[in-house]
Amino acid sequence: MFGTESSLSMFLNTLTPKFYVALTGTSSLISGLILIFEWWYFRKYGTSFIEQVSVSHLRPLLGGVDSSSPSNANTSNGEADSNRQSVSECKVWRNPLNLFRGAEYNRYTWVTGREPLTYYDMNLSAQDHQTFFTCDSDHLRPADAIMQKAWRERNPQARISAAHEALELEDCATAYILLAEEEATTIMEAERLFKQALKAGESCYRRSQQLQHHGTQYEAQHRRDTNVLVYIKRRLAMCSRKLGRTREAVKMMRDLMKEFPLLSMFNIHENLLESLLELQNYADVQAVLAKYDDISLPKSATICYTAALLKARAVSDKFSPEAASRRGLSTAEMNAVEAIHRAVEFNPHVPKYLLEMKSLILPPEHILKRGDSEAIAYAFFHLQHWKRVEGALNLLHCTWEGTFRMIPYPLEKGHLFYPYPICTETADRELLPMFHEVSVYPKKELPFFILFTAGLCSFTAMLALLTHQFPELMGVFAKAFLSTLFAPLNFIMEKVESILPSSLWHQLTRI
């Protein structure tokens, strides 16, 4: 035993400061490389590589739950149901208030040099155009046959050239739509083209309406012509709204909703709500909400936050957090706070944009309900309406974070809505441009292993630097540290030697 101690002491005395520098430097380098890899993996996949490997591979080897057991099968079924729910909630929707490519998105690109739309977003728009503006009988009309190819074309200039080619053959409503959306550089020019599209679209609609019962082919044509006419009238109403003729836009939207009440997939009521808020016609806003804020209808940020704004409007001008903490909340204030909590639970990303804690960008052409893309689209158009109501943003600022105390585990259980879908971050990253930092809910904390490797890398790097600068002093510290580390072991060995007989201890050491 004493020979072992003496050999260990001799080994420590023979170590030079260069050895400690090399040891700590190598440790710092290895932990730094692990830190870089862990950070990259976390930024890309949202999880720690070490934790994932531990859970996926090491846990089964160390005695994980048998995957064939009935309880685990039930869990798997529950997870499958949850995944199906997430897939249904992560459906991407057409943005009801999407901007014009030529007159708005392209102007942004000309000024900033940045592309506001992603390829994924534009590809979804191309699929929408093919669904709504084409049918199987397009080959019977030459202009429609050209436009069917144009909607599939990726190059914008090729699409525009095809639209002009179709107009040379006849007045084609979809050709005017494409030019209004992509070639027109101002809203007034887009409105002029949409008015020409309206004349051509109404003519086609009347013809197909008379023939719709003559067969499936004519029925498909009528359905396509109906979609084209609704789209044109809606965009004309949006042009009027953008050009300041808000009352005219409201009338056009109301007429459109009466004429085609079944086409709720276009969500025209969201355009109507925004225009009514601009007119400060809050009674009509409440009437629209009473019709569409129904438990059987799909919700949206526009519905939930507009309802919260109306409730907040009744109390926000006199609301004071100090007074409310002294006397408690009144019934009206409680209703406003509950409406805000309901809206925040549906889409928790919106408040930071309304409170200008996060910068806005141009909204995408498609949005993910309850996601960051929907929050951007809502705040882009509705921030001005919240600012117009005195005290509304102050009430939102004081109360919105209280929502998270009611739903501490939002991915597992909701309060008024389904649990928050886990797929929103991935979908929003596809919809939103690279220069925008996607809002993530619930906010992911850095995994333990990233923090551990960061601390280990920093500590070993500091030791290497100190050993290089003060080799003799650090050598003394290293020997003292190792002596202290082995002191309990030496103490135990001494106690064992004093208790056991010397002959027995001699036999054990020989073994």
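The structure this text deals with has already been given above.
Quantities reported herein were computed from a predicted structural model and do not represent experimental measurements.

A.B. asks: How do you make sense of the overall build of the protein when you look at a structure like this?
C.D. replies: Within the protein one finds 25 helices and two strands. For the protein, the share of sequence-separated contacts (at least 6 apart) that also reach a separation of at least 24 residues comes to 70%.

A.B. asks: How should I be thinking about unusual backbone geometry in this particular structure?
C.D. replies: Excluding glycine, a negative phi dihedral is what most residues carry, and trans is how most peptide bonds are arranged. For glutamine 280, which is not glycine, the phi dihedral falls at a positive 60 degrees. Turning to its location among the elements, glutamine 280 is positioned in the loop between α13 (268-278) and α14 (282-292). Even without being a glycine, arginine 370 presents a positive backbone phi close to 75 degrees. Assignment of secondary structure puts arginine 370 in the loop between β2 (366-368) and α19 (372-388).

A.B. asks: Mind showing me how you'd approach the packing of aromatic side chains here?
C.D. replies: Aromatic ring pairs are described here by two measures, namely the spacing of the ring centres and the angle between the planes. Enumeration according to the criterion identifies 10 aromatic pairs in this entry. Relative to tyrosine 231, the ring of phenylalanine 133 has its centre 5.1 Å away and its plane inclined at 80 degrees; by these criteria the two rings are edge-to-face. Here phenylalanine 133, found in helix α6 (residues 119-133), pairs with tyrosine 231, found in helix α11 (residues 216-242); they are 98 residues apart in sequence, far enough to count as distant. For tyrosine 231, a relative accessible area of 10% gives the class buried. Ring centres of tryptophan 400 and phenylalanine 404 lie 5.7 Å apart, and the angle between their planes is 85 degrees; on these two criteria the pair is classed as edge-to-face. Looking at phenylalanine 404, the relative accessible area reads 26%, which means it is partly exposed. One aromatic cluster is present, built from ring pairs that chain together Trp400, Phe404, Tyr420 and Tyr441.

A.B. asks: Where do I start with the nonpolar core in this structure?
C.D. replies: Most often, soluble globular proteins have nonpolar side chains that are buried together. Met147, Ile177, Phe194, Ile232, Tyr305, Leu354 and Trp386 are the most contacted members of the largest nonpolar core, which has 93 residues in total. Here the element with the most residues in this core is helix α15 (residues 301-313); it accounts for nine residues. Those residues in contact with tyrosine 305 that lie beyond four places of it in its chain are Ala343, Val344, Asn347, Val350, Pro351, Leu354, Tyr378 and Trp386. By size, the runner-up hydrophobic cluster in this structure holds six residues, among which are Leu97, Leu99, Leu117 and Leu362.

A.B. asks: Is there a simple way to explain a nonpolar patch on the surface in this structure?
C.D. replies: Residues Phe459, Met462, Leu466, Phe470, Leu473 and Phe477 make up a contiguous nonpolar surface patch of roughly 590 Å² in combined accessible area. Among the secondary structure elements, those contributing two or more residues to the nonpolar patch are α23 (448-469) and α24 (471-499). Among the structural elements, phenylalanine 459 can be located in helix α23.

A.B. asks: Explain the environment of methionine 188 here, please?
C.D. replies: Tracing the backbone through its elements, the reader meets methionine 188 in helix α10 (residues 187-211). The spacing of methionine 188 and leucine 243 is 55 residues in sequence and 7.8 Å in space, taken between C-alpha atoms.

A.B. asks: Help me out: how do you make sense of the packing of helix α12 (residues 246-259) against α13 in this one?
C.D. replies: Geometrically, a packed helix pair is captured by the angle between its two axes and the distance between the axes. With their axes 9 Å apart at the nearest point, α12 and α13 run at an angle of 150 degrees to one another. When the axes of α12 and α13 are compared, the pair comes out roughly antiparallel. Read as a crossing pair, α12 and α13 show a hand that is left-handed. The segment α12 lies against α13, with Thr246, Val250, Met253, Arg254, Leu256 and Met257 engaging Ile268, His269, Asn271, Leu272, Ser275, Leu276 and Glu278. Class assignment for the residues of the contact of α12 with α13 results in seven nonpolar, four polar and two charged.

A.B. asks: Help me understand the pattern of salt bridges in this model?
C.D. replies: Two side chains that carry opposite charge are able to pair once their charged atoms sit near each other. Considering all chains together, one arrives at 23 salt bridges under this definition. Across the pair aspartate 144 and arginine 141 runs a salt bridge whose closest N-O atoms are separated by 2.6 Å. With a shortest N-O distance of 2.9 Å, lysine 233 and glutamate 259 are connected by a salt bridge. Here the residue lysine 233 occupies a position in helix α11, and glutamate 259 occupies one in helix α12, the gap between them amounting to 26 residues. Residues joined by salt bridges that share partners form a network here, namely Arg101, Arg159, Glu182 and Glu365.

A.B. asks: Hey, could you run me through the environment of serine 439 in this one?
C.D. replies: Structurally, serine 439 can be placed in the loop between α22 (424-431) and α23. As a C-alpha pair, serine 439 and lysine 352 span 87 residues in sequence and 9.5 Å in three-dimensional space. Discounting chain neighbours no more than four positions away, the residues touching serine 439 are His349, Tyr353, Lys358 and Asp372. At a separation of 2.8 Å, a polar atom in the side chain of serine 439 contacts the side chain of histidine 349.

A.B. asks: Before we go on, may I ask you to explain the environment of asparagine 155 in this structure?
C.D. replies: Take asparagine 155: it is sitting in the loop between α7 (142-152) and α8 (156-169). Of the polar contacts made by the side chain of asparagine 155, one reaches the backbone nitrogen of glutamine 157; its length is 3.1 Å.

Calculation rules
Residues numbered from 1 in each chain as written. Predicted model: local features only at pLDDT ≥ 70, side-chain atom pairs only at ≥ 80, totals over all residues. Heavy atoms only, no water. Helix = DSSP H or I, 4+ residues; strand = E, 2+ residues; numbered from the N terminus. Contact = heavy atoms within 4.5 Å. Phe/Tyr/Trp six-rings, centres within 6.5 Å; stacked < 30°, edge-to-face > 60°. Buried < 20%, exposed > 50% of the residue type's maximum accessible area, 1.4 Å probe, protein only. Core = buried A, V, L, I, M, F, W, Y, C linked by side-chain atoms within 4.5 Å. Patch = residues over 30% accessible without salt bridge, like charges linked within 9 Å, V, L, I, M, F, W, Y side chains within 5 Å. Areas by Shrake-Rupley, 256 points an atom, 1.4 Å probe, with all protein chains shown as cover. Salt bridge = Lys/Arg side-chain N within 4 Å of Asp/Glu carboxyl O. Axes fitted to C-alpha atoms, helices over the stretch in contact; angles between N-to-C directions. Parallel < 35°, antiparallel > 145°, perpendicular 65-115°, else oblique. Left-handed = near helix turned anticlockwise from the far one by under 90°. Nonpolar A, V, L, I, M, F, W, Y, C, P; charged D, E, K, R; others polar. Polar contact = N/O pair within 3.5 Å; in protein donor to acceptor, adjacent residues only side chain to side chain.

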